[in-house]
Amino acid sequence: RPLSLITGAFSRVYCRDFACRVTSRQPLLPAFWRFTRYFLLVVTPVAILLYLFMPWLVKFVLGRKWEELVPIIRAMIPFLCLGVMTSIFNFLPEIFRKQKKLLIAYLIILGYQLLLLILLASNMGFSDFYGLYYKLVLVVPILFILWLYLFMMRYDKELKKEKS
């Protein structure tokens, strides 16, 4: 919940900014790259520190009996970092009136994750499952960010054509 409050606040700010840019026919990619640089400058060191100090954090917050959670949480860190970025920019399909494509993308993502759960959970033990699952699921936010990037790239190319 705390993470969704933060991403929701960022999303509202960037949605307004990007909607104003589209209305005033300004390019989106420079703003997206600026955000991405700042995001990576903040998130990368935090993710590395979380990864390194996770054993201590788990012991401190949850106690020794939860130590076996450390590899699971560590496997989730990259997925959560990229998930934060996708949730901040998931308004882009709305700006470009592509809600139907967004729904289809969400259904594909859900299908992919369910298929992974079924295939992996039925063929391996839990300790092997979670690490592989989060590595394979990491593909989802990467592809989603690329898909959103394509919206912005097409829009910026149309702007260049209009101006020339």
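What you see is a predicted model, and the numbers here were worked out from it, not measured in a lab.

(A) Seen up close, the environment of proline 27. Tracing the backbone through its elements, the reader meets proline 27 in the loop between helix 1 (2-23) and helix 2 (29-62). Linking proline 27 and aspartate 156, residues 129 residues apart in sequence, is a C-alpha distance of 5.2 Å. Filtering out sequence-adjacent residues up to four positions away, proline 27 remains in contact with Arg21, Tyr155, Asp156 and Leu159.

(B) Expanded view of helix 6 (residues 126-137). Between the first and last C-alpha of helix 6 there are 16 Å, a value that for twelve residues agrees with the 16 Å anticipated at 1.5 Å per step. Buried within helix 6 we find Phe129, Tyr130, Gly131, Tyr133, Tyr134 and Val137. Residues of helix 6 that are buried make contact with helix 3 (70-88), helix 5 (99-123) and helix 7 (139-163).

(C) Region of interest: the state of the cysteines. Here the structure, examined in full by the defined rule, presents zero disulfides. Free cysteine: cysteine 20, not disulfide-bonded; nearest cysteine sulfur from cysteine 15 at 9.3 Å.

(D) A look at unusual backbone geometry. The phi dihedral of arginine 25 is positive, around 60°, even though this residue is not glycine. For arginine 25, the position within the fold is in the loop between helix 1 and helix 2. Since its relative accessible area comes to 32%, arginine 25 is described here as partly exposed. Look at arginine 97: it is not a glycine, yet its phi comes out positive at around 55°.

(E) Region of the structure containing the packing of helix 2 against helix 3. Direction vectors running N to C along helix 2 and helix 3 enclose 160°, while the axes themselves pass 10 Å from each other. Relative to helix 3, the element helix 2 lies roughly antiparallel. As helix 2 runs across helix 3, the sense of the crossing is right-handed. On helix 3, the residues touching Phe32, Phe35, Thr36, Phe39, Val43, Ala47, Leu50, Tyr51, Leu52, Met54, Pro55 and Val58 of helix 2 are Val70, Ile73, Arg74, Ile77, Cys81, Val84, Met85 and Ile88. Considered class by class, the residues forming the contact of helix 2 with helix 3 number 18 nonpolar, one polar and one charged.

(F) Structural context of the confidence of the model for the chain. Scored by pLDDT, the chain comes out at a mean of 91, with 99% of its residues at no less than 70. Element-level pLDDT for the chain is lowest in helix 6, with a mean of 81, against a maximum mean of 95 in helix 2.

(G) Region of the structure containing the nonpolar core. If you look at the biggest cluster of nonpolar residues, it comprises 34 residues, and the most contacted ones within it are Phe18, Phe89 and Leu92. Breaking this core down by element, the ones donating at least two residues are helix 1, helix 2, helix 3, helix 4 (92-95), helix 5 and helix 7. It is helix 2 that contributes the most residues to this core, nine residues altogether. Filtering out sequence-adjacent residues up to four positions away, leucine 92 remains in contact with Phe18, Leu148 and Met152.

Reading guide: rules and limits
- Residues numbered from 1 in each chain as written.
- Predicted model: local features only at pLDDT ≥ 70, side-chain atom pairs only at ≥ 80, totals over all residues.
- Heavy atoms only, no water.
- Helix = DSSP H or I, 4+ residues; strand = E, 2+ residues; numbered from the N terminus.
- Contact = heavy atoms within 4.5 Å.
- Expected span 1.5 Å × (residues − 1).
- Buried < 20%, exposed > 50% of the residue type's maximum accessible area, 1.4 Å probe, protein only.
- Disulfide = S-S within 2.5 Å.
- Axes fitted to C-alpha atoms, helices over the stretch in contact; angles between N-to-C directions.
- Parallel < 35°, antiparallel > 145°, perpendicular 65-115°, else oblique.
- Left-handed = near helix turned anticlockwise from the far one by under 90°.
- Nonpolar A, V, L, I, M, F, W, Y, C, P; charged D, E, K, R; others polar.
- pLDDT = per-residue confidence, 0-100.
- Core = buried A, V, L, I, M, F, W, Y, C linked by side-chain atoms within 4.5 Å.

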